[in-house]
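Next come the chains, spelled out residue by residue.
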Amino acid sequence: MKLRILKSAVTNPWFNLATEDWIFQALDPDSHTLFLWRNSETVVIGRSQNPWVECKIDKMEADDVFLARRQSGGGAVFHDLGNTNFTFLSPKDDYDQAANFTIIINALKKLGIDADLSGRNDMQVGDKKISGSAFKHTADRSFHHGTLLVNANMQKLSDYLNPHPLKLKAKGIKSVRARVANLVEFNKDINHDTLSDAIIEAFCEYYRDKDYGDTAPVEALDEASLTKQPSLHKYYQQMADWDWRFGKTPEFTHHIETRFDWGIIDLHLDVKQAMIREVVIFSDALNVDLIELLKETLTDSKYNRSDVKTKFDELSKAHPDVAAQVNDVSEWLTSEMEG
């Protein structure tokens, strides 16, 4: 059994999550691997979550905040350069979840911070959560990753993770908010590099005591890694793809209603894999053809503000006699979609 330590110099979340997948799927499982990384401003959602329920998609796009979907479960989290993320990979028959938490807790002790495990997934200092984790297992390997709040922007965390109250009935997991704190509140000198060094030291110490050897070299990962590892590049393309980030959303419905001067629109959208698959419109509008045109236009569109707007613009040009009503619906629906 050997040790392996990887550290990313890249802050693109799609690269880092792709690296996690590459580690999980492609690396030799006969090793204990530690991967350390951090992301630019990003909302990371769990595999079974709905981004429109969890996030303010429109604000994220305006502020150039990444949206990423990880392979594992759990809730939505906000990452920025004030977060340090860790990943452990171990052989299934030698996996010890408690050992991973012990390594992180020992690393924090080196920095003068007394943390302990809270429940199954979290670590806390006092009554404040400073870390959350998620897990994944296959027949021959096990995977544990988590984030440590070092000096994260808590205001932005609430800005992007507290969505507007859309009338969405969503299947899947919804996040639970918790009382959180940054590690700089307990050690003002802590940063990503000092924390990473402490984790690496604690990792090597733990496995040295298990007779795995004294240390392991730190392997730096960067963009050039994509060209050297074809499978890593494939995972990166998946993470960056709209169909993964939005299309993997569990089925949900969006119901909204409003009154225009030409009639009431009671709109029901059934959305599957981020595509509008079924549209039901109840209306007292006199123009029945308009209602049918709206239904046809929305059916099989992406649940995406720009895509819907483009289709309505095309409908207006093709049917100038109802352009005013179509534009009314377009402005209303896209404002309600929040992204």
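Located above this text is the structure these notes cover.
Residues numbered from 1 in each chain as written. Predicted model: local features only at pLDDT ≥ 70, side-chain atom pairs only at ≥ 80, totals over all residues. Heavy atoms only, no water.

Novice: What exactly am I supposed to notice about the sheet that holds strand E7 (residues 116–118) here?
Specialist: Sheets are built from strands paired through backbone hydrogen bonds, the pairs being either parallel or antiparallel. Strand order in the open sheet formed by eight strands is E7-E8-E9-E10-E6-E2-E1-E12, with mixed pairing between adjacent strands. A single partner strand is all that each edge strand has here, and the edge strands are E7 and strand E12 (218–221). Strand-to-strand, the axes of this sheet are offset by a mean angle of 25°, without reference to chain direction. Pairing analysis gives three bridges linking E7 to strand E8 (residues 122–125), with the strands arranged antiparallel. Within E8, the residue paired with Leu 117 across the bridge is Met 123. (Pairing = 2+ DSSP bridges. Helix = DSSP H or I, 4+ residues; strand = E, 2+ residues; numbered from the N terminus. Axes fitted to C-alpha atoms, helices over the stretch in contact; angles between N-to-C directions.)

Novice: For this particular structure, what's the right way to read helix H1 (residues 13–26)?
Specialist: Each α-helix winds once per 3.6 residues, and so residues spaced three or four apart point in a common direction. Taking 1.5 Å per residue as the helical rise, H1 with its 14 residues ought to reach 20 Å, and the 19 Å between its terminal C-alpha atoms agrees with that figure. Across the 14 residues of H1, 12 count as buried, placing the element largely inside the fold. Along H1, the positions that sit buried rather than exposed are Pro 13, Trp 14, Phe 15, Asn 16, Leu 17, Ala 18, Thr 19, Glu 20, Asp 21, Trp 22, Ile 23 and Phe 24. (Expected span 1.5 Å × (residues − 1). Buried < 20%, exposed > 50% of the residue type's maximum accessible area, 1.4 Å probe, protein only.)

Novice: Would you take a moment to explain the packing of H1 against helix H8 (residues 230–240) for this structure?
Specialist: For any two helices packed against each other, the geometry comes down to the angle between their axes and how far apart the axes lie. Running from N to C, H1 and H8 point in directions that differ by 130°, and their axes come no closer than 8 Å. One finds that H1 runs oblique with respect to H8. In this structure, the crossing between H1 and H8 has a hand that is right-handed. Taking contact as the criterion, the partners of Trp 14, Phe 15, Leu 17, Ala 18, Thr 19, Asp 21, Trp 22, Gln 25 and Ala 26 in H1 are, on H8, Ser 231, Leu 232, Tyr 235, Tyr 236, Met 239 and Ala 240. Class assignment for the residues of the contact of H1 with H8 results in 11 nonpolar, three polar and one charged. (Parallel < 35°, antiparallel > 145°, perpendicular 65-115°, else oblique. Left-handed = near helix turned anticlockwise from the far one by under 90°. Contact = heavy atoms within 4.5 Å. Nonpolar A, V, L, I, M, F, W, Y, C, P; charged D, E, K, R; others polar.)

Novice: What exactly am I supposed to notice about the packing of aromatic side chains here?
Specialist: Aromatic rings in a pair are described by how distant their centres are and how their planes are angled relative to each other. Considering all chains together, one arrives at 16 aromatic pairs under this definition. Seen in terms of ring centroids, Tyr 206 and Tyr 207 are 5.1 Å apart; in terms of plane orientation they differ by 80°. Their pairing is edge-to-face. For Tyr 206, a relative accessible area of 18% gives the class buried. Using a relative accessible area of 5% as the deciding quantity, one classes Tyr 207 as buried. Ring pairs connect the aromatic residues Trp 52, Trp 242, Phe 246, Phe 252 and Tyr 303, which therefore count as one cluster. A cation over a ring is seen here: Lys 234 above Tyr 235, with NZ or CZ 5.3 Å from the ring centre. Over the face of the ring belonging to Trp 242 we find Lys 302, whose NZ or CZ atom lies 4.2 Å from the ring centre. (Phe/Tyr/Trp six-rings, centres within 6.5 Å; stacked < 30°, edge-to-face > 60°. Lys NZ or Arg CZ within 6 Å of the ring centre and 35° of its normal.)

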